[in-house]
Amino acid sequence: ELGITSDEALSLEDLPKRAVIFGGGYIAVEFASIWRGLGADVDLFFRRELPLRGFDDEMRAVVARNLEARGINLHAQTNLTELIKTDNGIKVITDHGVELEADVVLFATGRLPNSKRLNLEAVGVELDNTGAVKVDEYSRTNISSIWAVGDVTNRMNLTPVALMEGTCFAKTAFGGESSKPDYSSIPCAVFSIPPLSVVGLSEEQAIEKANSDVLVFTSTFNPMKNTISGRQEKTVMKLVVDSETDKVLGASMCGPDAPEIMQGIAVALKCGATKAQFDSTVGIHPSAAEEFVTMRSVSRRITVRGKPKTNL
């Protein structure tokens, strides 16, 4: 009862001066950025080596550096073990023996599908062990007249993805057009400060799935607005390319306006753009986005041998 979730965090009557956040995902990183930006002292605890599990490791490290540079205290590979109410707030104790005082403790460790109150068992709808509704590739449950979309199915829990699933359901069920969601090249963004936005495969995913060498192109630079202000926060961009097909498998950016830029890059990846097509595209100058079409030199080449063929 001494902790809150993101629901309560949006309705606090007062801005906490000392905030502890437990978690390493979207919500944890975003609230850490918000509260720190408003002047609070923020300690972010997470169980992995870096925040944002599942994202490109190189970009995760960039986000971690930026969070620390903004004054957020990062506590990697750490669990909270006890919360104690005190006259000064809440004492937080970790499994490393660290103790600190906080005004608010936010748990951002993920959510389970909210299916318990639907009484789905009564009609025989199958759930998995997390409570997620089991569906086929068209979002239909094992009961032919019942469908499910969005986070309750625990597929890719993003609002625009739920909209896509709902649109496909409507086309299939009411439009006479058999349509199933396509989860390839879905862009997403973490609204940290500055934000991270990605589309397609991370470097690690590309190495796992590719059947030819993986080429990595990167660019690190100081945005013009930072040059004027004197802030030393770098923008980092990255393209992951299949060496055999020249197809761009993934793109990442951490820096100002990253989500706005990545939305356009997502269209290119959805169309199967190659690195040569990126290179032949004229940039808009001066803009950060033009870096995506001017990265000519390979930062590194990862050799992938002896793997079964995979269509990327």
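The coordinates are above.
None of these values were measured; they are calculated from a predicted model. (Residues numbered from 1 in each chain as written. Predicted model: local features only at pLDDT ≥ 70, side-chain atom pairs only at ≥ 80, totals over all residues. Heavy atoms only, no water.)

## Points about helix 2 (residues 26-37)
Move 1: With 12 residues, helix 2 should reach 16 Å at 1.5 Å per residue; the first-to-last C-alpha distance of 16 Å fits that figure.
Move 2: Turning to helix 2, its buried residues are Ala28, Val29, Glu30, Phe31, Ala32, Ser33 and Trp35.
Move 3: Residues of helix 2 that are buried make contact with helix 1 (6-9), strand 1 (18-22), strand 2 (41-45), helix 3 (57-69), strand 7 (104-107) and strand 8 (188-190).
Move 4: Gly39 sits one or two residues past helix 2 and shows a positive phi near 105 degrees. (Helix = DSSP H or I, 4+ residues; strand = E, 2+ residues; numbered from the N terminus. Expected span 1.5 Å × (residues − 1). Buried < 20%, exposed > 50% of the residue type's maximum accessible area, 1.4 Å probe, protein only. Contact = heavy atoms within 4.5 Å.)

## A word on the sheet that holds strand 11 (residues 235-242)
Move 1: Taken in spatial order, the 6 strands make up an open sheet running 8-9-12-11-10-13, and their pairing is antiparallel. Looking at which strands have only one partner, the edges of the open sheet turn out to be strand 8 and strand 13 (300-302). Put simply, the sheet's adjacent strands are angled 15 degrees from each other on average, direction ignored.
Move 2: Direction of pairing for strand 8 relative to strand 9 (residues 196-200): antiparallel, over a ladder of 3 bridges. From the neighbouring strand, Cys188 faces strand 9, where its bridge partner is Val198.
Move 3: This element, helix 3, spans strand 9, strand 10 (214-221), strand 11, strand 12 (248-254) and strand 13 of the sheet and lies at about 5 degrees to strand 12.
Move 4: Sheet strands in contact with helix 7 (residues 258-270) are strand 8, strand 9 and strand 12, and its direction is about 175 degrees off that of strand 12. (Pairing = 2+ DSSP bridges. Axes fitted to C-alpha atoms, helices over the stretch in contact; angles between N-to-C directions.)

## Section: the nonpolar core
Move 1: Counting residues in hydrophobic clusters, the biggest one holds 34 residues, and the most contacted among them are Ile21, Trp35, Val42, Leu44 and Leu196.
Move 2: When residues of this core are traced back to their parent elements, those giving at least two are strand 1, helix 2, strand 2, helix 3, strand 7, strand 8 and strand 9. (Core = buried A, V, L, I, M, F, W, Y, C linked by side-chain atoms within 4.5 Å.)

Nothing here speaks to function; it is all geometry.
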